[in-house]
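Next come the chains, spelled out residue by residue.
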Amino acid sequence: MEPMQKPFVVAGPCSAESCSQLERSASDVMSIPHVVMIRCGVWKPRTRPGGFEGMGEAALVWIAEIKQRHPDWRFCCEVARPRHVELAMSYGIDAVWIGARTTADPFSVGEVAQALKGCGIPVLVKNAPMPDVAPWIGAIERFEAAGVASVMAVHRGFATYRDSGLRNSPLWDIPIELRRLRGDLPILCDPSHIAGHSDKVGHIATMAMAMGFDGLMVEVHDNPSEALTDAEQQLSSSQFASLMEMLRMPHDDEAVAEQRLADLRLAIDGVDEQLLLLLHQRMQLSKSIAAVKRCYDLPVLQSRRWNALLSDRLARAERLGLSQQFVKEILEKIHSESIRVQIDDGGKRDEDANQP
Ligand code: PEP
Ligand code: MN
């Protein structure tokens, strides 16, 4: 495979359903600039039994047939077992991806990594469903240890029990942390599985490209309403074409952009410094408050004050046009840290007082 193209866009149906459906969808996505590979599920992991579980080897036969007609088209599919790898390789698949459920299981990852040894194809590793960077990095390392030269990460969002209006929560700080820890690794975003609905795919894809992701993996079906899996979230070919038109893909003028960003980054450094000083000041105040509470035997947690504080700050945040959810999460973090500091500080003072 040639060096990684940027942006690296993988697109195609959630599942390969028939040879004609696959070829039509593939032909549509391959006509769009930046699309380097066609995705299609061959074995489909389903959360609940009874659904369409993929066509298996029959789909690989179609892929091989289509590749004969279009030798420059590249295909990737999900593999979850060593047997999937063997079959996929025997039909000339160009790359594979590791699904979220597989990434979560180190034994499966280890077996699939061994099976991929020496295959020489790229491996795209989706994050595990749990909101943690560690299983994702662990899986990536297992493929690297097996000698896979081209490993890419795919951010597909994280499982959430709350109804956030999206299928999976993006928790952008996790892929950002992956980028911080592994700056060498290309990271794609799968906006389809984050969004869960075709209406929201564009918004997530735009955010990902704005945050400097290296590309996308998007589900595109030539007739989404008839799709056997993930019908709600697959884009039609024309929706995908409009999305790719609309996305501002990064261009080469990076030096100019860097120059313009430098001043703004300096200003951000200044603001962050102030934020840290203010947080320090706030924790010092918590310690003073702890001393008063201790003196009058008052409990550390004062629910009435906390409720009043929260509503006051949220109202102020609203007037400033800040997201309520964002400010609430920050205040909750500050509040629990303040409680921890007050309790710890009290404990330390008691210990000191008991010193002979
Ligand atoms: C898929 O890409 O079709 C898929 C099953 O994804 P995930 O593993 O992210 O759920
Ligand atoms: Mn899918």
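Keep in mind that this is a model prediction, so the values were computed, not measured.

(A) Representation of the sheet that holds strand S8 (residues 215-219). Strand order in the closed barrel formed by eight strands is S1-S2-S3-S4-S5-S6-S7-S8, with parallel pairing between adjacent strands. Strand after strand, the sheet turns through a mean of 30° between neighbouring axes, direction not considered. The strands that helix H1 (residues 19-30) touches are strand S1 (8-12), strand S2 (35-39) and strand S3 (75-78); relative to S2, the one it contacts most, it runs at about 160°.

(B) The packing of helix H6 (residues 133-145) against helix H7 (residues 173-181), seen in detail. Closest axis-to-axis distance for the H6/H7 pair is 10 Å, and the angle between their directions is 45°. On the basis of their axis angle, the class for H6 and H7 is oblique. When the axes of H6 and H7 are compared, the crossing they make is right-handed. When H6 is examined against H7, the residues Val 133, Trp 136, Ile 137 and Ile 140 are found in contact with a partner set consisting of Ile 174, Pro 175, Glu 177, Leu 178 and Leu 181.

(C) Local environment of the pattern of salt bridges. Across all of its chains, the model carries 17 salt bridges by this definition. Measuring nitrogen to oxygen at the nearest pair gives 2.6 Å for the salt bridge that ties Asp 94 to Lys 67. Placement of the pair is Asp 94 in the loop between helix H3 (82-90) and strand S4 (95-98) and Lys 67 in helix H2 (residues 57-69), with a sequence separation of 27 residues. One exposure class covers both Asp 94 and Lys 67, and it is buried. The closest approach of N and O atoms between Arg 316 and Asp 312, which form a salt bridge, is 2.9 Å. One end of the pair, Arg 316, and the other, Asp 312, are both in helix H12 (residues 303-319), four residues apart, so they sit about a helical turn from each other. A residue is classified by how much of its surface remains accessible, and Arg 316, at 44% relative accessible area, is partly exposed. Among the residues examined, Asp 312 registers a relative accessible area of 29% and is labelled partly exposed. Linked through salt bridges whose partners overlap, the residues forming this network are Lys 6, Arg 179 and Asp 214.

Conventions and cut-offs
Residues numbered from 1 in each chain as written. Chains lettered and ligands numbered in written order. Predicted model: local features only at pLDDT ≥ 70, side-chain atom pairs only at ≥ 80, totals over all residues. Heavy atoms only, no water. Pairing = 2+ DSSP bridges. Helix = DSSP H or I, 4+ residues; strand = E, 2+ residues; numbered from the N terminus. Axes fitted to C-alpha atoms, helices over the stretch in contact; angles between N-to-C directions. Contact = heavy atoms within 4.5 Å. Parallel < 35°, antiparallel > 145°, perpendicular 65-115°, else oblique. Left-handed = near helix turned anticlockwise from the far one by under 90°. Salt bridge = Lys/Arg side-chain N within 4 Å of Asp/Glu carboxyl O. Buried < 20%, exposed > 50% of the residue type's maximum accessible area, 1.4 Å probe, protein only.

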